[in-house]
Amino acid sequence: MKKPPVDVRQLLTATATSLLATFQESAASARPDHKGNPREAHVRRFLRERLPPKWGVTRGHIFNGDTTSAEFDVLVYDVLNCPSWTLEMGEDPRRLVPLQAVIGVIEIKSTLNDATLSEAVEKLAEFDAMVAQGEYKGLFSFKPFRHVFAYRLDPKATFDGWGSPARVLTRYAGARCHPDGVFILDDSFTVLDRGNGIARSFAITRGLTVDEARNDGWDVANEEIRRTVECDWSYCNDYFVTAARDGLLLLAFLTFVLEAASQYTPQDVDYADAFCRWGGPQLGGLLDFADTNLPPVRLEE
């Protein structure tokens, strides 16, 4: 067989190698931010260079009214339609992004263990609370995705005795938040059993489309049937886990981000109103425009 001009599989493997090189290089630094910042920036760059330009990729805070969130490692947002507020100079600045323009959030961890997964889940739970507030006000027709990305899995992690992220994040384990996906570069990816979660997992590992994976034997159907039978929460079937590393894991990560983001449609909101809420007396605004201390003005006849 003639060698193709571009070997995409080798390209994916090389990209994963580049990510892992960043992980190793930053490990030489003593300060936590010198370790974490390059690793987070590399994931943002990976997405920014591959997602359509209509979707922005940044780090920063989400605002709703005059309330702002904690900083998220990755915000995917509607860059074409929404204004944002840049908070600093540089090639990869933090930004303030309106809640209604957020397509998804991703928390990045160097090593996934009990503590780092718990930190990520707490951040994503805060985001869920903001989205719930927006839904209450009738603003959302779209559910933003929430992912966790990690470079490596801590082999000593017990995940509160449940043994894996896929189990500790289930309803049965009492998880506060249920991320849509957990992607670990040296181990596996875990996705919610929702929509095409199972079928796409099979499709990625077999190099097929979702429809082809569903028609390629009974594996997908049998897995879905098994989960229908095992419907009690105690089976911990909220997630589907697929072993994958390096290039295949990166492909899964990109694919699930693409699928979730493709469901987004620009929200019917007035972004001028979104910024208008930043005003008020604290910024020098007036509650009463009738200023009785001003002298009358005589007009010439």
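Residues numbered from 1 in each chain as written. Predicted model: local features only at pLDDT ≥ 70, side-chain atom pairs only at ≥ 80, totals over all residues. Heavy atoms only, no water.

Student: Whenever I open this one, the side chain of Thr-22 confuses me. Can you help?
Tutor: Looking at the secondary structure, you find Thr-22 in helix α1 (residues 8-26). Residue Thr-22 is classed as buried on the basis of its relative accessible area of 12%. Apart from the residues within four sequence positions on either side, Thr-22 is in contact with Pro-38, Arg-39 and His-42. (Helix = DSSP H or I, 4+ residues; strand = E, 2+ residues; numbered from the N terminus. Buried < 20%, exposed > 50% of the residue type's maximum accessible area, 1.4 Å probe, protein only. Contact = heavy atoms within 4.5 Å.)

Student: Help me understand the nonpolar core in this model?
Tutor: Looking at soluble globular proteins, one finds that nonpolar side chains tend to be buried together. Counting 66 residues, the largest nonpolar core has Leu-47, Ile-62, Ile-106, Phe-149, Phe-183 and Phe-253 as its most contacted members. Top contributing element to this core by residue count: helix α8 (residues 246-261), with 9 residues. When near neighbours in sequence (up to four residues on either side) are disregarded, Phe-149 contacts Val-43, Ile-106, Glu-107, Ile-108, Lys-109, Phe-183, Leu-185, Leu-249, Leu-250 and Phe-253. Formed by 8 residues, the second largest nonpolar core is a distinct cluster that contains Ile-198, Ala-213, Val-220 and Phe-240. (Core = buried A, V, L, I, M, F, W, Y, C linked by side-chain atoms within 4.5 Å.)

Student: Quick question: what am I supposed to make of the pattern of salt bridges here?
Tutor: A side chain of one charge can pair with a side chain of the opposite charge when the charged atoms of the two come close. All told, the structure shown has 21 salt bridges when counted by the stated rule. Residues Arg-50 and Glu-49 are paired through a salt bridge, measuring 3.5 Å at the closest nitrogen-oxygen approach. For Arg-50, a relative accessible area of 37% corresponds to the partly exposed category. The salt bridge partner of Glu-224 is Arg-214, with a shortest N-O separation of 3.1 Å. Placement of the pair is Glu-224 in helix α7 (residues 219-229) and Arg-214 in helix α6 (residues 210-215), with a sequence separation of 10 residues. Connected through shared salt-bridge partners, Asp-193, Glu-223, Arg-226, Arg-227 and Glu-230 make up one network. (Salt bridge = Lys/Arg side-chain N within 4 Å of Asp/Glu carboxyl O.)

Student: When you look at the pairing of strand β6 (residues 102-112) in this model, what are you seeing that I'm missing?
Tutor: Side-chain direction in a regular strand flips from residue to residue, so the side chains alternate between the two faces of the sheet. In terms of residue burial, β6 counts as a mostly covered element, since 10 of its 11 residues are buried. Note: β6 against strand β7 (residues 145-153), 8 bridges, orientation parallel. Its bridge partner being in β7, Leu-112 is matched across the sheet by Leu-153. (Pairing = 2+ DSSP bridges.)

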